[in-house]
Amino acid sequence: MDYRAGELKGGIKLRATVMDIYRLLPKTNCGKCGEASCMAFATKLNEKEVEPIQCTQMAEKEREKVEDAIAPAVREVVIGTGDKAITIGGDEVMYRYELTFYNPTALVIEVSDDLSEEEFDAKVKTIENIEFERTGELLKLSAIAVRNKSGDVEKFAKATEKVKNSKLPLVLCSFNPDAMKAALEIVGDQRPLIYGATEYNLENMADLALEYKCPITLFVPHDLEKMKELSYNLRSEGINDIVLDPGTYVREGTGDTLDEFIMIRRLAVEKGDPDFRFPIMGVPAVHWIYESGLGTMVDKGIREAVTAAKLMNSYADILIMHGTEIWELIPVLTLRQGLYTDPRKPQAVDPGLYTFGELDENTPVLLTTNFSLTFYTVEGDLKSGDANCYLLVLDTDGRAVDVSVAGNQFTGKAVADLIKESGIEDKVSHRKLIIPGLGAPVSGDIEDESGWEVAVGPRDSSQAPDYLNKIKEEAK
Ligand code: SF4
């Protein structure tokens, strides 16, 4: 295939190249966008580092052409409004090393409308409050899904009423158009995700999506041809904010489900098929819904977390889960954080001098690198061990200790420069530096370059507080 980006041929649209985008720009190199040339601006547009509107030299029509050319292979769909809106989709590539994955998978927890009032409120509160910090980032859940498990229209409306003021966006789960309408009458102005349309209720659900201007999920289990047909029907009605759920099957393994997820994403990214260029939904909650008699709650929680991880690795943009145990959610939230970091940018913290606890001129001085995972691990260990120390953080372009020793970023000269620039020599009267165990190969080099005495500390920073206590005792 040799289709030019931004052009539709037989319904196919492929990703724009930098040259495709450049051809659409004014090509005057005026520099008013802050870039040296139109080519530089085109390169940044291609990398999503600037917006078309930053070129002030284009008329609206020309800008629309550029926006169309750079539109992602997978449409971005917004759920919720204002501060609590989340965006899913927006991906351009099949593999993360090619560019990056945009818009982290939304992790949504379902709450059934047949729970008692106390159980319902408690679960909503838990969902809203779950959070934990990892490498300086607060990891949280994304949305609440209200599920019409009772099948009762009034109960569904009542449950929806109770989450109306939640700080999280909503997914409304019912295949009954009457129940959906009752819920939308309460929260329709909050742009909840409608779940969902099937081949049996498509027309009614489509009418609701149009009336309330809400995104809609198309649930077509195990039949991509039918999904294509129904997606086309929705698009023909003027509905463009669609989420695709091809079904999550787990009883005989997740192989078929993963195949379908991957096939949908290939059709979007590699074939540009307009009926599949939408975010994909997975429902790991099926472990609780369809396996009521199978295994303990722990078994189900583990199976749900494993399925969530597999689906996330296979392009799921939104996952509906049931469990709220922190031991189940931490691995899923951590995996999401790892998948959605930009591989083009080093994960780094600011280099320099950091302080812990009470300090004086005898306070020990430790050293580490500015790889964020290393830094936050060391920081956590020093804080939890109530350590009193200075920590010099070396700029290694976000590389870990052993990697930067091998790559020549962690050198005697670099450490000597950091000692001088940080001003640590004015804060302590001694000249002793404790380096991480993995930095041992450059200890002599550091002594030669800096004139400081170097002690090789533990390889694992969890032992650093004990190590500091030991040298304090020895010094007495
Ligand atoms: S403002 Fe527009 S025309 Fe001027 S250099 Fe930037 S991209 Fe080119």
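Cut-offs applied
- Residues numbered from 1 in each chain as written.
- Predicted model: local features only at pLDDT ≥ 70, side-chain atom pairs only at ≥ 80, totals over all residues.
- pLDDT = per-residue confidence, 0-100.
- Contact = placed C-beta atoms within 7 Å.
- Buried ≥ 20, exposed ≤ 12 C-beta atoms within 10 Å, placed from the backbone.
- Helix = DSSP H or I, 4+ residues; strand = E, 2+ residues; numbered from the N terminus.
- Arc of directions from axis to C-beta.
- Pairing = 2+ DSSP bridges.
- Axes fitted to C-alpha atoms, helices over the stretch in contact; angles between N-to-C directions.
- Expected span 1.5 Å × (residues − 1).
- Near = placed C-beta within 6 Å.
- Nonpolar A, V, L, I, M, F, W, Y, C, P; charged D, E, K, R; others polar.

K.L.:
Can you explain the confidence of the model for the protein? Please cite residues and give values.
P.N.:
Confidence in the prediction for the protein averages 91 pLDDT; 96% of positions are at 70 or higher. Contacts for the low-pLDDT stretch residues 1–12, under 50 throughout, to residues beyond four places or in other chains number 19 contacts.

K.L.:
Give a description of helix 2 (residues 38–46) that names residues and reports values.
P.N.:
Within helix 2 the residues assigned to the buried category are Cys38, Phe41, Ala42, Leu45 and Asn46. Down the axis of helix 2, the buried side of the element spans an arc of 140 degrees, and every buried residue falls inside it. Here the buried face of helix 2 lies against helix 1 (18–24) and helix 3 (60–70). Backbone geometry just downstream of helix 2 places Lys48 in the positive-phi region, at approximately 60 degrees.

K.L.:
Any chance you could break down the sheet that holds strand 11 (residues 281–282) for me, citing the residues and the numbers?
P.N.:
If you trace the eight strands from one edge of the open sheet to the other, you get 10-9-8-7-6-3-12-11, paired in parallel fashion. Edge positions in the sheet fall to strand 10 (242–245) and strand 11, since each of these pairs with one other strand and no more. Where strand 3 (residues 106–112) meets strand 12 (residues 318–321), four bridges bridge the pair, whose relative direction is parallel. Across the sheet, Ile109 pairs through a bridge with Met321, a residue of strand 12. Contacts from helix 11 (residues 297–313) reach strand 11 and strand 12 within the one sheet, and its direction differs from that of strand 12 by about 170 degrees.

K.L.:
I'd like to hear about helix 8 (residues 224–236), residue by residue, with values.
P.N.:
The terminal C-alpha atoms of helix 8 lie 18 Å apart, and with 13 residues this matches the ideal 18 Å at 1.5 Å per residue to within 8%. All of the buried residues along helix 8 are Met227, Leu230, Ser231 and Leu234. All buried residues of helix 8 lie within an arc of 105 degrees about the axis, which places them on one face of the element. In helix 8, those exposed residues whose orientation departs by more than 90 degrees from the buried face are Glu225 and Ser236.

K.L.:
If you had to explain the site of the ligand to someone new, which residues and values would you point to?
P.N.:
Neighbouring the ligand are 14 residues, the closest being Cys30, Cys33, Cys38, Phe41 and Cys55. Taken together, the residues that form the shell around the ligand break down as seven nonpolar, five polar and two charged.

K.L.:
An account of the sheet that holds strand 15 (residues 389–394) is needed here, citing residue identities and associated values.
P.N.:
Ordered in space as 13-15-14-16-17, the five strands form an open sheet in which the pairing is mixed. Both outer strands of the open sheet, strand 13 (352–356) and strand 17 (453–456), are each paired with one neighbouring strand and no more. With direction set aside, neighbouring strand axes in the sheet form an average angle of 30 degrees. Alignment of strand 14 (residues 365–369) against strand 15, held across five bridges, turns out to be parallel. Of the residues in strand 15, the one forming a bridge with Leu367 is Leu392. Here helix 15 (residues 412–422) sits on the sheet in contact with strand 13, strand 14 and strand 15, set at roughly 125 degrees to strand 15. On top of the sheet, helix 16 (residues 443–450) reaches strand 16 (432–435) and strand 17; it is set at about 160 degrees to strand 17, its chief contact.

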